[in-house]
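Tertiary structure, described
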Amino acid sequence: MTDTAFLSVSVGVNWTYIKVKYFSHRCTFFTTFFTTNWTDFSMAEGTTNRNEVKIPKILDILDKDVFKGEIIDPAIARQTEVNFYRGAPPLWLNFYLAEQNTDEGRFIKRDGYQKLHRQIMERKPVVCLKHKPGSGGTTLAMQLLWDLRTLFRCAVLVDPTLESSLIASAVFNLYTAGESHNHRTVLLLVQGGNVNTLQKSFVAELSERKIDSVKPVVVILNCVRIAHINAGHSAGVKLSDTLTDKERKKFDDKKEWLNRQYTEENGIIPTEFHGFNIMQSNFSKDYIKQACDVFNPTDCRPSVPNRGVEFAACLCLLNSYVPGSVMLESHCEKFLGTFQETMIPFRHLMVSFNPNGSGGQPVLRMAHPMIAEQGTQSLHDAGWERSKIAIILLKKLCTEEHTLFLSKFMKALLIHRQKNKKFSRLILDIKNGKAETGKQSCLSVLNEAVEKCPQIGSYPQTLSRFYYRETEDFFNARESAVKAKQIAPDNSFFADTLGQVYKHFLFRKVSVLESNPNTLTEVLDLAKKAFKAFEDGEILAGKEQENRDGLSQQSKIFNHRPKIAYLQVANKLFEYKGVIESAAKRTNQYPKYENLKSPLSNQIQERARFINMLLSYSQESFEEEDPDYVLKDARTCYEDYTGYALTEGLGEGPTEEQLRFLHENWQNDTQEPRLKLKNKVEVLKSSFHETHEKYFRSRYLLPLLYLETSDGTKVRVGGVVRCYKVYTTVGDEEIELDVDPAQQLALWRSGTVTFELGFTIRGPTAYNIQFPD
């Protein structure tokens, strides 16, 4: 067939046009995205029908022969280089052009390069690069892909938030494309994604496709932006904003080369190469302040209307709090009218670039995160408070056509919290900025966000949390929580937020009950409402684990917060039991109190046992444990209401009994008679799937028991690896084992192994796996 079928695809940041030739009715559709066949698009052989479909661009693939034989327009080449030195992110063309230069004109490889290169060549499953924004981490990661493009199939994950199964399918399509003898390990650059979830999906894809390779299928280069780089040992590389003496010498030499290549006579000003100069100056604060002197109180007074200052302030704020954030240049021009003229004083501090290299919509950002931070602070000192800038950003730049593009950046700015923090970094900075007005300013910003984005429930949820946590305005907290629930009535987290409003109001009221017994009615009503809200949250959390319509996916996380909060309310009632009973007798409300209290003993038992089981058998992730108070609250509640202590470790139940049987009867080569354990393992897994799996889907299962000698020494067991799975022989049966997730992708080659045998609630699991060599 010679016909060509076209799929018209909507244009956007992460969408692309595709033109595909097909050769038969069941032609396999190879793209960088996924495989399917023409019938999926209702296209029959010999037709050229146009069908609108949306296909997310998953991978930016770096071809080993990219730019080979191409004639690069000198003007484009020069502008690409200038953009990079001014602060734009690197494009593949930058690496190609640098490679054509003499040694002093090539890209500088920071000191972590060799360590990362070695780990990648060793085919470690995950190689980690942690870097402070603006320290050259992304450039270093892309340099590794560029240098290794002939040895690996290199690709950048475009959007880490995409469904992990789609990403896995795209990666394995890349690996298997072409002749089998040409299959090369995929080197995948991931920036900010959940690597643990990705690994699980990769293993599932391997199992489904039955790939048995003599080499690893994928190596993940995990490039993580973090605000603070801590010293200390790390298996990966940490890239800070401090240069070594060796690095400084390289940057000084490169600066001399740049000054020879670019001069003001040819229209290019090297002193405006802020992206390069900041690093060459060893991230000098003096350089930053001098570059940002345009943001001075004289020229940037809030009392004088100036759209240029407004826009610069918004871009600084967004970039300083949300690494990687950008604005569409076309939307900025609509706001400013004449962009080039209005922004003349600030233009050298900004960079315009196309995130896809060509063909897309140009975007804007500040030249460096440190410029954005200094600009925000300088403007603050000139009277532009962060809250004022945030409101301008919401009101004037989040226009109808721009809101969708900015949505994820605005959520990161206003909603996303760092671990163990109550609110986003911006909200906390506004709150702590002025003792007398900080909280009110936060409320103004969040209320504006709710008004601007009425269909996003996370904004009223965050507003509700601020009301009850920071201002104890429980009326408005309730109104905001209800609004979030109305937007997404099936969301268990929003239901929990409403319960939290009642819980915190209850805690305040009960604390003054002794001096004001007449508030008992409110206390009892609040407790009843809190219990009801958390019960609703529990029901919704269960429904979120169901695949009800065959299209929507199950939630990856089981929300156990409503159960914890229910127990916390019960704990508080028990703590103030004497005060409540006294007030109830004095106000003739004892029957009402009894009606609330009497079912509690039964109500809390199931919840406390569940939390005890969940946190005894698992933890939040491989790296992260759950907060200590959760298990403590559950065990305290159970003991207070029942008089008994909850079992620590492996509890009671059919699944637990099956696990104990396996552990006690697991045979080694010297024991007789041999038991048939393979079926027992399968029964255990089936039991886990039916009773436990939905609660543990996103969590790391802990080893509850180990195969040990009488003195507690872990026994090393022999086995074999095939297709990323581990098997061991017990008697005359070969049994497939679970594998510690931290080692799953390391099992890329077949062969004999030894390991420690642990037992999670799902079954026997191989830990500390070692090949003979």
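Summary of the structure given here. (Residues numbered from 1 in each chain as written. Predicted model: local features only at pLDDT ≥ 70, side-chain atom pairs only at ≥ 80, totals over all residues. Heavy atoms only, no water.)

Looking only at helices and strands, the protein chain has 29 helices and 20 strands in total. Taken across its 773 residues, the protein chain has 50% of its residues classed as buried. Considering only residue pairs separated by 6 or more positions, the protein chain has 71% of its internal contacts joining residues 24 or more positions apart. Entry remark: accessible area of the protein chain is about 37000 Å², with carbon and sulfur atoms responsible for 48%. (Helix = DSSP H or I, 4+ residues; strand = E, 2+ residues; numbered from the N terminus. Buried < 20%, exposed > 50% of the residue type's maximum accessible area, 1.4 Å probe, protein only. Contact = heavy atoms within 4.5 Å. Areas by Shrake-Rupley, 256 points an atom, 1.4 Å probe, with all protein chains shown as cover.)

Another aspect to go through is the packing of helix α10 (residues 307–321) against helix α15 (residues 400–414). The contact between α10 and α15 brings their axes to 9 Å, and the two run at 70 degrees. In this view, α10 runs roughly perpendicular relative to α15, as classed from their interaxial angle. Crossing handedness for the pair α10 and α15: left-handed. Across from Leu317, Leu318 and Tyr321 in α10, the residues of α15 making contact are Leu406, Phe409, Met410 and Leu413. Counted by class, the contact of α10 with α15 contains seven nonpolar, no polar and no charged residues. (Axes fitted to C-alpha atoms, helices over the stretch in contact; angles between N-to-C directions. Parallel < 35°, antiparallel > 145°, perpendicular 65-115°, else oblique. Left-handed = near helix turned anticlockwise from the far one by under 90°. Nonpolar A, V, L, I, M, F, W, Y, C, P; charged D, E, K, R; others polar.)

This part covers the side chain of Glu656. Tracing the chain through its elements places Glu656 in helix α27 (residues 654–665). In this structure, Glu656 is buried with no salt-bridge partner, the nearest side chain bearing the opposite charge being Arg660 at 6.4 Å. Look past the residues within four positions of Glu656 in its chain and what remains in contact with it is Tyr617, Leu650, Gly651, His692 and Ile761. (Lys, Arg positive; Asp, Glu negative; His and termini not counted. Salt bridge = Lys/Arg side-chain N within 4 Å of Asp/Glu carboxyl O.)

Next up on the list: the nonpolar core. Judged by nonpolar contacts, the single largest core of 198 residues is most densely connected at Phe295, Phe311, Met327, Met410, Leu414 and Trp666. Residues Ile58, Ile211, Val217 and Tyr724 belong to the second largest nonpolar core, which totals 26 residues. (Core = buried A, V, L, I, M, F, W, Y, C linked by side-chain atoms within 4.5 Å.)

The next subject is helix α18 (residues 458–471). Spanning 14 residues, α18 covers 19 Å between terminal C-alpha atoms, matching the ideal 20 Å at 1.5 Å per step. Burial of α18 is extensive: eleven of the 14 residues sit out of reach of the surface. All of the buried residues along α18 are Tyr459, Pro460, Gln461, Thr462, Leu463, Ser464, Arg465, Phe466, Tyr467, Tyr468 and Glu470. In this structure, the buried side of α18 is in contact with α15, α16 (425–433), α17 (438–452), α19 (474–487) and α20 (492–511). Just downstream of α18, Glu472 is the residue with a positive phi angle, here 55 degrees. (Expected span 1.5 Å × (residues − 1).)

Turning our eyes to something else, we now look at a positive patch on the surface. Where like charges cluster on the molecular surface, the positive patch consists of Arg417, Lys422, Arg469 and Arg561. Along the chain, Arg417 turns up in the loop between α15 and α16. What makes Arg417 partly exposed here is its relative accessible area of 43%. (Patch = residues over 30% accessible without salt bridge, like charges linked within 9 Å, V, L, I, M, F, W, Y side chains within 5 Å. Charge placed at Lys NZ, Arg CZ, Asp CG, Glu CD.)

The full count for this structure, using the stated rule, is 27 aromatic pairs. Note on Phe84 and Phe107: the rings are 4.9 Å apart at their centroids and 20 degrees apart in plane angle, and the pair reads as stacked. Here Phe107 lies in the loop between α2 (92–100) and α3 (113–121) and Phe84 lies in helix α1 (residues 74–86), a separation of 23 residues in the sequence. With respect to burial, Phe84 and Phe107 carry one shared label: buried. Aromatic pair Phe558 and Tyr695: ring centres 4.8 Å apart, planes at 80 degrees, arrangement edge-to-face. With a gap of 137 residues between them, Phe558 in the loop between α21 (520–543) and α22 (561–575) and Tyr695 in helix α29 (residues 693–696) connect regions that are remote in the sequence. An aromatic cluster is defined as three or more aromatic residues linked by ring pairs; in this entry it consists of Phe84, Tyr85, Trp92, Phe95, Phe107, Trp146, Phe251, Tyr262, Phe273 and Phe276. Geometry around Tyr706 places Lys714 over its ring, the cationic atom sitting 4.6 Å from the centre. (Phe/Tyr/Trp six-rings, centres within 6.5 Å; stacked < 30°, edge-to-face > 60°. Lys NZ or Arg CZ within 6 Å of the ring centre and 35° of its normal.)

Our next topic: the sheet that holds strand β10 (residues 327–328). The strand order across the open sheet built from three strands is β10-β12-β11, with neighbouring strands paired in antiparallel fashion. Among the strands making up the open sheet, the edge pair consists of β10 and β11 (350–353). Pairing between β10 and strand β12 (residues 363–366): two bridges, direction antiparallel. Looking across to β12, one finds that Met327 is bridged to Leu364. Along the sheet face, α10 touches β10, β11 and β12 and points at about 75 degrees away from the line of β12. (Pairing = 2+ DSSP bridges.)

A few words now on the sheet that holds strand β8 (residues 218–225). Read across the open sheet, the six strands follow the order β4-β6-β7-β8-β5-β9; overall the sheet is mixed. Each having just a single partner strand, β4 (59–62) and β9 (237–239) make up the two edges of the open sheet. The average angle at which neighbouring strand axes cross in this sheet is 20 degrees, direction not considered. Note that strand β7 (residues 186–191) and β8 share six bridges and pair parallel. What sits directly across from Leu188, in β8, is Ile220.

Charged atoms that come close allow side chains of opposite charge to pair. Summed over all chains, the structure comprises 32 salt bridges. Here Arg209 ties to Glu205 by a salt bridge, and the two come within 2.8 Å at their closest N and O atoms. Residue Arg209 and its partner Glu205 are both found in helix α6 (residues 195–209); the two are separated by four residues, about one turn of the helix. By relative accessible area, Arg209 is classed as partly exposed at 28%. Across the pair Asp738 and Lys685 runs a salt bridge, and its minimum N-O distance is 2.9 Å. Here Asp738, found in strand β18 (residues 733–739), pairs with Lys685, found in helix α28 (residues 678–691); they are 53 residues apart in sequence, far enough to count as distant. On the basis of relative accessible area, Lys685 is assigned to the partly exposed category, the value being 25%. When salt bridges with common partners are traced through the structure, they connect Glu538, Lys563, Glu606 and Arg607 into a single cluster.

Our next topic: the packing of α20 against α22. Two numbers describe how α20 lies on α22: the axes approach to 10 Å, and their chain directions differ by 15 degrees. Considering the angle they form, α20 stands roughly parallel to α22. In terms of crossing hand, the pair formed by α20 and α22 is left-handed. Contacts between α20 and α22 pair Phe493, Asp496, Gln500, Lys503, Leu506, Phe507 and Val510 from the former with Arg561, Pro562, Ala565, Gln568, Val569 and Lys572 from the latter. Among the residues forming the contact of α20 with α22, the class breakdown is seven nonpolar, two polar and four charged.

In the Ramachandran plot, Asn282 falls in the positive-phi region, its phi being about 60 degrees despite a non-glycine side chain. Along the chain, the position of Asn282 falls in the loop between α8 (274–280) and α9 (285–291). Positive phi, close to 55 degrees, is recorded for Asn588, a residue that is not glycine. Structurally, Asn588 can be placed in the loop between α23 (577–586) and α24 (590–597).

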